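# Observations on the three-dimensional arrangement
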Amino acid sequence: MSAFYPTMGLEIHAELLTKSKVFCTCSAEFGGTPNSRCCPVCSGMPGTLPVLNQKAVEYIIKAGYVMNCDISRFTKWDRKNYFYPDLPKAYQISQMPRPVCLAGTVKINVKGEEKVIRINRIHLEEDAGKLVHDEVNRISLADYNRCGIPLIEIVTEPDFHSSDEVIAFLEKIKLLLQYAGICDCKMEQGSIRCDVNISIAPKGSDELGTRTELKNLNSLKAIARAIEVEIERQEEVIESGERVIQETRRFNDALGETTAMRSKEDAHDYRYFPDPDIPPIIFTEEELEAIKNSIPELPEQRVERYVNSLGLKKADADIIVGDKRVCDFFDEATKSYDNPKAIANYIVGELTRRINLGEVDMDALKFTGADFARLVELLQTDKVSQSNAKIILGELVENGGSPDKIADEQDLWIKEDNDLLAKVVDEIIANNPKPVEQYKSGDQKVFGFFMGQANKALKGAASPKAIQDYLRKKLSE
Ligand code: ZN
Ligand code: MN
């Protein structure tokens, strides 16, 4: 057992899903040919003037509401000055003393226990460009397409004491932002990024230790590992009689270690001052109310609706809501076949299994919710067998199409061939006198054995119900 207690706070940057950038009309979409989505404003030409994107302001207010923040009635922008080649203006337009959102709370669930994480603030700012380092030619290239994409920065209080809590919080934030339509939260594309401030102190101590900041964390797995590694490093530093230095550290996933990047700046190093180009905003109650009312159904409300109105099991509802794309897919499917429980079962049992195996990519689906619903209906009404339904789903995943057509083409319908059924089952019974004896002496478990044998031999030629009925009749003769 360690003698130290870790404490962590997070700074999360999330890119907003606006069509255009925050201070100009350039596209805010991810990617693009380098420097093809730039104009004099976002590439920092002298004399240009920014114009604030109202949609971005609307989105940060929504973010504030979904994280239970106080929304400032008066907000303004500041310049954060620093020199780096990915920032052509040499300052970032951000917010220092009057951010849009203050003092929020977000509930998380860690191993069955509920905990409230406090949000310190959320402010609106602009993203910087990207540097591409060409090791072969020993040059660095600057791509300014990302310059000026609107960002919200979510700053938490130091309320985390384990990597599990951090991951639970990030998963919750991702869901909230996705469902509210604020950010797509694609970590691999950098649309949500997280820095972790981390310190340790002797157990029982009220004071916080000196903190370091971990940067360049690009997956939840990397974040969890980086936290563990950094806690261990700080323990070793203190145990060897040295002191932890306040600095920014980079995590190297391949080596499993953190290394010093630069000594951590304090706010005064950035020479913050009010941006003279962007007027402050005063929100009216009506404006805020309208934005609040436009927030779509959030994850917790969806779980509640699925459990209370549709009768799903809580665990199934949690799995479906846990991925917004799956959840929207479920909603779509239930529109064309009114059997939410059966659809949910098949999503949880078959679709999410294939997603987890990497067979299904929800971003590039070749079939619709309606196709999926039709397949579930065929299964529910005994038109296709379980195993043939899996074949149809595999075909949908691979090539798309309609379940009915696939069943036609590959001859996958249940034919209710009663003669064949009788022939096959009679044979099985004749060939297995021992299990028949067991069944007759009251051992009901062997019934499963007969069902399995019959299913295998019939290859979907009869429905499970028909097989069951005929078997029961024959076995009790
Ligand atoms: Zn621009
Ligand atoms: Mn920031």
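Residues numbered from 1 in each chain as written. Chains lettered and ligands numbered in written order. Predicted model: local features only at pLDDT ≥ 70, side-chain atom pairs only at ≥ 80, totals over all residues. Heavy atoms only, no water.

Contact geometry of helix H12 (residues 418-431) with helix H15 (residues 464-475) gives a least axis separation of 10 Å together with a crossing angle of 45 degrees. Taken together, the axes of H12 and H15 lie oblique to each other. H15 is crossed by H12, and the crossing has right-handed handedness. The residues of H15 that touch H12, namely those facing Leu421, Ala422, Val425, Asp426 and Ile429, are Ala466, Ile467, Tyr470, Leu471, Lys474 and Leu475. (Axes fitted to C-alpha atoms, helices over the stretch in contact; angles between N-to-C directions. Helix = DSSP H or I, 4+ residues; strand = E, 2+ residues; numbered from the N terminus. Parallel < 35°, antiparallel > 145°, perpendicular 65-115°, else oblique. Left-handed = near helix turned anticlockwise from the far one by under 90°. Contact = heavy atoms within 4.5 Å.)

As a further point, take the coordination of the manganese ion (ligand 2). Within the protein, His13 (NE2), Glu125 (OE) and Glu153 (OE) serve as the donor atoms for the manganese ion (ligand 2), at 2.0 to 2.2 Å. On the primary sequence, the residues serving as donors to the manganese ion (ligand 2) are separated as H-x111-E-x27-E. With histidine 13 in strand S1 (residues 4-15) and glutamate 153 in strand S10 (residues 150-156), this residue pair connects regions lying 140 residues apart in the sequence. Taking the relative accessible area as the measure of exposure, glutamate 153 reaches 8% and is therefore buried. (Donors = N, O, S within 2.8 Å, 3.2 Å for Na, K, Ca; no water. Buried < 20%, exposed > 50% of the residue type's maximum accessible area, 1.4 Å probe, protein only.)

For the rest of this paragraph, the subject is a nonpolar patch on the surface. A contiguous nonpolar patch, built from Val132, Ile139 and Leu141 and spanning about 250 Å² of accessible area, is present on the exposed surface. Within the fold, valine 132 resides in strand S8 (residues 130-134). (Patch = residues over 30% accessible without salt bridge, like charges linked within 9 Å, V, L, I, M, F, W, Y side chains within 5 Å. Areas by Shrake-Rupley, 256 points an atom, 1.4 Å probe, with all protein chains shown as cover. Salt bridge = Lys/Arg side-chain N within 4 Å of Asp/Glu carboxyl O.)

This part is about the domain arrangement of the chain. Segmenting the chain into domains produces domain 1 (4-285), domain 2 (297-409) and domain 3 (418-475). Relative placement of domain 1 and domain 2: their C-alpha centres are 36 Å apart. When domain 1 packs against domain 2, the two sides together hide about 750 Å² of surface, and 67% of this comes from carbon and sulfur. Per-residue buried area on domain 1 facing domain 2 is highest for Leu175, Gln178 and Tyr179; these three make up 67% of the total on that side. Here domain 1 and domain 2 share 1 salt bridge between them. Glutamate 300 is the partner of lysine 172 in a salt bridge, and the nearest nitrogen-oxygen pair spans 2.9 Å. Summed over the shared surface of domain 1 and domain 2, the number is 2 residue pairs in polar contact (both at pLDDT 80 or more). Top contributing element to the side of domain 1 that touches domain 2 by residue count: helix H2 (residues 163-179), with 5 residues. Broken down by class, the residue content of the side of domain 1 that touches domain 2 amounts to 5 nonpolar, 1 polar and 2 charged. (Domains from an automatic or database assignment. Buried area = accessible area lost by both parts, 1.4 Å probe. Polar contact = N/O pair within 3.5 Å; in protein donor to acceptor, adjacent residues only side chain to side chain. Nonpolar A, V, L, I, M, F, W, Y, C, P; charged D, E, K, R; others polar.)

Moving on, we get to the pattern of salt bridges. Within this structure, the stated rule accounts for 35 salt bridges. Among the salt bridges present, the one from aspartate 328 reaches arginine 302, with a minimum N-O distance of 3.1 Å. Of this pair, aspartate 328 sits in helix H7 (residues 324-336) while arginine 302 sits in helix H5 (residues 299-308), and the two are 26 residues apart along the sequence. Note on aspartate 328: relative accessible area 30%, which makes it partly exposed.

On to the sheet that holds strand S4 (residues 78-81). What links the strands of a sheet is backbone hydrogen bonding, and the strands pair in either a parallel or an antiparallel sense. The strand order across the open sheet built from 3 strands is S5-S4-S15, with neighbouring strands paired in antiparallel fashion. The open sheet has two free edges, formed respectively by strand S5 (91-94) and strand S15 (273-274), since each of these has just one partner strand. Pairing analysis gives 4 bridges linking S4 to S5, with the strands arranged antiparallel. Residue asparagine 81 lies in a different strand from S5, and its bridge partner there is tyrosine 91. (Pairing = 2+ DSSP bridges.)

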